[in-house]
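This is what each chain is made of:
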Amino acid sequence: MVLRLASSYMSIPQTPRTSTSLSQRVPLRKPGKMWKRGCTRRLDILPSLNGDGPGLRVFVLSDLHTDYSENMMWVECLSTAKHKRDVLLVAGDVAETYNNFVLTMSLLKERFKHVFYVPGNHDLWCRRESDVSFSSLEKLEKLLDACKRLGVKTDPMVIGSLGIIPLLSWYHESFDREEDITSFRIPPLEMACKDYHACKWPEELSNRDTSLASYFDAMNENNMDLIEDIKKTCEQIITFSHFVPRQELCPEKRMLFYPNLPKIIGSDSLEVRLRSIHGAEGSGSACHVFGHTHFCWDAVLDGIRYVQAPLAYPRERKRRMNGGENWLPFCIYSDGEFAERLSPCYWSDYYSVNPRQPRNTELAPWVARFYSQRKDHNT
Ligand SMILES: [Fe+2]
């Protein structure tokens, strides 16, 4: 997630302070054409082990942003021995440039037995590519081809007895249903969010309505045969996406330096999609991993556990109580069991004891202070 104006818009204090134009027109592809490889596919069921040793372990990580050299170095420093039998789920925003994406995924593939991936918004930026003529959909195709070459998995699969399902998604503004902050002038989305300039979409697709979100969601339809097989085969399933499936998985607007953030983070169809997999009421073995907002999160909502474990930007890691150097990637599953809750986890900890107040537009003190300083600075 990058906001254009100032990095501090995205920043959140360490701990809650209360107690409680498209440059090129391209033909619109049929959704899923690039995602589906082949016609009739059989569900891949991979053994979890390479012989004797501990059981299957699954690690999760999002928002690697390895265009930052510190983050690329963090990936390089991951052990080349420790994860040889493990699975890693990468929930998007690996890198802005194709070369950094390929390098990062190669490094991860050298370290983990299986790596799964779904694309994030930064992965589909086109502005810094050597060939700037291609669009975000063409870049998606290039990234998926690279994954195939590297052995990175982008389709649903079973490992051991665990179902793993990557879900494609994109955000839409109408995802945000909570009261807007109107007490000060909030920069417009196209000023705040680089996606509006760095991604190139066909005219028919836009963030402003639900067309992009629907387009990405429709690509998942091509995997429904595999997904149905997984639902029949596996009691434990992890789904994962880059974007946010529910607004309750982001702090309220009054807490955010950029209060309109919820308009550029999530997708309603994503939540519908994952509920169609885990069941409307979820279960004790239903888990969804997401990324994008860079807020660590671990909470159960309506029977499904939602987890975010972002590497995030170097400056964000420095402010985080649990850093990001030691606990990431986060082990979500080991020896047939889901892991204990990620802790500490500021905002999901906060909302586990404080009710959400979606109609409350009174700014949190740190947000009020930030905007009054900006006002003073501008007068
Ligand atoms: Fe993102």
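Residue numbers run consecutively from 1 along every chain, following the written order of its sequence. Whole-chain, interface and lining totals are the exception, using all residues; otherwise, since this is a predicted model, local features are given only for residues with pLDDT of at least 70 and side-chain atom pairs are given and counted only at 80 or more. Note: side-chain values were computed over all heavy atoms of the structure, leaving out hydrogens and water.

Trainee: Explain the sheet that holds strand β6 (residues 162–166) to me, using residue names and the numbers behind them.
Mentor: We call two strands paired when DSSP finds no fewer than two bridges between them. Only DSSP runs of H or I reaching four residues or more are called helices, and only runs of E reaching two or more are called strands; each is numbered from the N terminus. Pairing in this open sheet of 7 strands is mixed, and the strands run β1-β5-β6-β7-β8-β10-β9 from one edge to the other. Looking at strand neighbours, the two that pair on one side only are β1 (45–46) and β9 (297–301), the edges of this open sheet. Two elements, strand β7 (residues 236–240) and strand β8 (residues 286–290), share 4 bridges in a ladder whose sense is parallel. Residue pairing in the sheet places I238 in a bridge with C287 of β8.

Trainee: Kindly report on the coordination of the iron ion, identifying the contributing residues and their values.
Mentor: Every protein donor of the iron ion is listed here as D93 (OD), N121 (OD1), H242 (NE2) and H292 (ND1), and their distances to the metal cover 2.1 to 2.2 Å. Here the coordinating atoms are restricted to nitrogen, oxygen and sulfur within 2.8 Å of the metal centre, or 3.2 Å for Na, K and Ca, and because water is not among them the sites may look incomplete. Only two sets of limits are used to name each site, 85 to 135 degrees for every angle of a tetrahedral four-donor site, and over 155 degrees for opposite donors with all other angles from 65 to 115 for a square planar four-donor or octahedral six-donor site, with any other site named irregular. Between the 4 donor atoms coordinating the iron ion, the angles at the centre fall across 89 to 165°, so the site counts as irregular. For the iron ion, the single-chain donor residues occur in sequence as D-x27-N-x120-H-x49-H. One end of the pair, N121, is in the loop between β4 (114–117) and α3 (136–150); the other, H242, is in the loop between β7 and α8 (268–278), with 121 residues separating them in the sequence.

Trainee: Tell me about helix α6 (residues 211–219), and name the residues and values.
Mentor: Within α6, 7 of the 9 residues are buried, which leaves it mostly tucked inside the rest of the structure. Between buried and exposed lies partly exposed: a residue is buried under 20% and exposed over 50% of the maximum accessible area for its type, with that area taken using a 1.4 Å probe on protein chains only. Those residues of α6 lying buried are S211, L212, A213, Y215, F216, D217 and M219. Note on definitions: a residue-residue contact is assigned when non-hydrogen atoms from the two residues lie within 4.5 Å. Looking at the buried side of α6, the elements it contacts are α3 and α8.

Trainee: An account of unusual backbone geometry is needed here, citing residue identities and associated values.
Mentor: The residue after L328, namely P329, is reached through a cis peptide bond having omega -10°. Structurally, P329 can be placed in the loop between α9 (314–319) and β11 (330–334).

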